[in-house]
Amino acid sequence: MAQWLQLQKLDSRYLEQVDQLYDDSFPMDIRQYLSRWIESIDWDTVAVQDSLATVRFHNLLVQLDDQHSRFALENNFLLQHNIRKIRRNLQDRFQEDPVHMAMIISRNLKEEKKILEKVKMTEQEAQGTVSAMVVEKQKLDNKVKDMKDRAQVADQNIKNLEELQDEYDFKVNTLKSRGNEVNGMTAKELEQEKMTVGRMCLELKAKRQDVVMQLTELLNVAQALLSDLISEELPEWRQRQQIACIGGPPNACVDQLQNWFTSVAESLQQVRQNLKKLQELEQKFTYDSDPIPQKKAYLEARALDLLKNLLSNSLVVERQPCMPTHPQRPLVLKTSVQFTVKLRFLVKMQEFNYQLKVKAMFDKDMTEKKGFRKFNILGTNTKVMNMEESNGSLVAEFRHLQLKEQKVAGNKTNEGPLIVTEELHSLSFESELQLNQSGLNIKLEAISLPVVVISNVCQLPSGWASILWYNMLTTEPKKLKFFLNPPTAKWSQLSEVLSWQFSAVTQRGLNQEQLHMLADKLLGARAHRNPEGEIPWIKFCKQSANEKAFPFWLWIEGILDLIKRHLLSLWNDGSIMGFLSKEKEKALLSTKCPGTFLLRFSERSREGAITFTWVEHDVHDKPLFHSVEPYTKKDLGAVSLPNIIRTYKVMAAENIPENPLRFLYPDVPKDKAFGKYCPEPSEAPEPMDVENVPDKFSYLKTVLISVSEVHPSKLQDNMMPMSPGGYNTLCQDVSPEEMNAAESADI
């Protein structure tokens, strides 16, 4: 497949990288129209030979002329106009230095290949990661199947052993009764019967030995599988849950984990039942060196110990504490506001239904934490676990819990070493399980991820920052003094978490260009966006960024809220570039035609604001940039951003106000980009007729528009590619003959 066709099929984040390769010196239009011809030339060779470069330069101009002719046949005046300008610009730039043009094309083709290779590598890595997870899951599934197969074989062999022992008992008793009869068996018959019974006894002993060995091997398999589940799978699931809590990929593997835990528990229970059956057989018949009395106690203790270990690790927090009013901000709890939390017992067995009573406790081990606030739990803090109707899982969901701060005598507040939003607390859960027949009580405990308790909703952003930082940097659930000495985060870690904050509430995370701007903001330009660059906690959430009056995270949080409230559709469809520096903004717009604009977030607004900047060219073709005062949530609550862009006007002295915005960067006509968000105004219904009101009474309609007043000297008028709307207007006022005359004069 042609390279250009492959590029056009890429995701938008990669297409943005392609867009950075092309500017006015060599527009993307040429790459589009002449893609086959460009890719058929060895531009590396052309770039080192002056004479060949000259030939290829003139060949390219001929190709452009041919393209112009095709547009003429299609009566596409707009594209004819644009390609004439492109041709003229190429002649101005490269007529005297065609090698330079060849070098640009050669470089761009190589960069395109790098982008394609990067995409391929990323896809392979993703596929490899998924494949590795699938392989690991399959390995565990195979181990579970092997264990269940062994349990089934052992169970069947014990049944066969029981039948053989019953038959052996019958033979022995029959032989005794016949030997005591007066007219019993002959000596030869008696001898043959004794030999038969003797062979049965040997077979019985061998089968007993085999069954005991099978149960021993089954426990070995169960122990290895249990080690995998408790030491690897359960911690990995908890880590995935941490990631999901802070906006990462959802953690949907708890059902699989439950299936594995339940299978191991069922097999261990089956072993215990088999050992009881062996005890019954032993009571009926035993002998010297009988393996059942020799091994039974050891096997029983081992099976019970494994089962106890499994069950004591089976209580997990399936859904972390969360206020229903803020479902995307779990682990931040406000006093006197209800929160929910859900637990699951990973061993799904009917015998445990309604047997587990779970009690919730707050800061159970807080006695040594001097200065930290203390809280009481209000509401029903005990629940009995029962099986859900939907999937049969054994769960307990606390839905009406609240926290109330304990008052400290003599002080209005607790004086602690940390601010409120850096204090970490924990919610723990305890229960006790009594195993039937064994009389063993097993203590069960689960603990939530650390939570932040706030007393005012304005503390929520800072509290969420603490949750992000903790779960990004540690997997230890009981490290509640974490913020006494918080570790630094690497940019490679933080950039991913920042992107999750956007993808969690929208359909788009942050692309590389947006992350580059944020990296420069946090690390400084000299760090060159080093993935290993370290960001301290104080710079992320406390210290003002770039000498602004508010921290970096609060700026991001304000933008997130702005998007959720007013810009969700525009953000999802990629209309908002969002994060870029003013220098980068000028670099992008300087090569675009007048009237091209882009949307970015203001760096000066803590509450979140958005602005647009457009480019014009002066008489010397020097780019001039204009930015409007950022629009806040209050502004966008009155008029939507698409309507602001549609009706925006610039007024200079006595000039007629006009809209300078023509193309959304890079070259999307404004109406095409925002038309779907600006429906045609419908006729407003007239007020209901009321007595004493004239029949002809009606209100005059009003429209809110944004107007910027600038000095006339700052406005420029220069030739630019026409929009389709402009071309239609021109056709109404100018005849085809006059257009052709103008075209000839232009050439």
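These figures come from a predicted structure and were not determined experimentally.

**Points about the overall build of the protein**
No. 1: Looking only at helices and strands, one finds 22 helices and 20 strands in the protein.
No. 2: By residue count, 44% of the 747 residues in the protein fall in the buried class.
No. 3: Taking as baseline every contact in the protein between residues at least 6 positions apart, the subset at least 24 positions apart corresponds to 71%.
No. 4: In the structure as shown, the protein presents an accessible area of about 40,200 Å², 49% of it carried by carbon and sulfur atoms.

**Some remarks on unusual backbone geometry**
No. 1: Following Tyr665, the chain continues to Pro666 via a peptide bond in cis, the omega torsion being 5 degrees.
No. 2: In this structure, Pro666 sits in the loop between β18 (663–664) and β19 (668–669).
No. 3: One non-glycine residue with positive phi stands out, namely Leu331, at about 75 degrees.
No. 4: Judged by relative accessible area, which is 0%, Leu331 ranks as buried.
No. 5: Even without being a glycine, Asp363 presents a positive backbone phi close to 50 degrees.
No. 6: In this structure, Asp363 sits in the loop between β4 (357–362) and β5 (375–378).
No. 7: The class for Asp363 is buried, based on a relative accessible area of 11%.

**Things to note about the environment of Pro235**
No. 1: Locating Pro235 in the fold gives a position in helix α9 (residues 187–245).
No. 2: Look past the residues within four positions of Pro235 in its chain and what remains in contact with it is Leu229 and Ile230.

**Observations regarding the sheet that holds strand β6 (residues 382–384)**
No. 1: Reading across from one edge, β6-β4-β9-β10 is the order of the four strands in this open sheet, with antiparallel pairing throughout. Edge positions in the open sheet fall to β6 and β10 (441–447), since each of these has one partner strand only. On average, each strand axis in the sheet is inclined to that of its neighbour by 25 degrees, with strand direction left out of account.
No. 2: In terms of strand pairing, β4 meets β6 through three bridges, oriented antiparallel. In the sheet register, Lys359 faces β6, and the bridge partner there is Thr382.
No. 3: Each of β9 (427–434) and β10 touches helix α11 (residues 291–312); the most contacted strand, β10, lies at about 30 degrees to it.

**Some points on the sheet that holds β19**
Pairing between the strands of a sheet is mediated by backbone hydrogen bonds and can be parallel or antiparallel.
No. 1: Here we have five strands laid out as an open sheet, ordered β16-β15-β14-β18-β19, and mixed in their pairing. Since the sheet does not close on itself, it has two edges, and those belong to β16 (623–627) and β19, each with one partner.
No. 2: In this sheet, β19 lies alongside β18 in antiparallel orientation, the contact comprising two bridges. Within the sheet, the bridge partner assigned to Phe663 lies in β19 and is Pro669.
No. 3: Sheet contacts for helix α16 (residues 552–572): β14 (596–601) and β15 (610–617); angle to β14, the most-contacted strand, approximately 150 degrees.

What counts and how
The written sequence of each chain sets the order in which its residues are numbered from 1. Only residues with pLDDT of 70 or above have their local features reported here, since the model is predicted, and side-chain atom pairs are shown and tallied only from 80 upward, although totals for entire chains, interfaces and linings are computed over all residues. Water and hydrogen atoms were dropped before computing side-chain values, which therefore reflect all heavy atoms in the structure. Helix and strand definitions follow DSSP, with helices as H or I runs of at least four residues and strands as E runs of at least two, each counted in order from the N terminus. The rule is simple: take the accessible area with a 1.4 Å probe, protein chains only, and divide by the maximum for that residue type; under 20% is buried, over 50% is exposed, in between is partly exposed. Two residues form a contact once any of their heavy atoms are found within 4.5 Å. Where accessible areas are quoted, they stem from the Shrake-Rupley method and a 1.4 Å probe; at the residue level, only the protein chains shown are allowed to cover. Think of it this way: DSSP has to see at least two bridges between two strands before they count as a pair. Only the stretch in contact is used when fitting a helix axis, every axis being a line fitted to C-alpha atoms; angles between N-to-C directions are given from 0 to 180 degrees.

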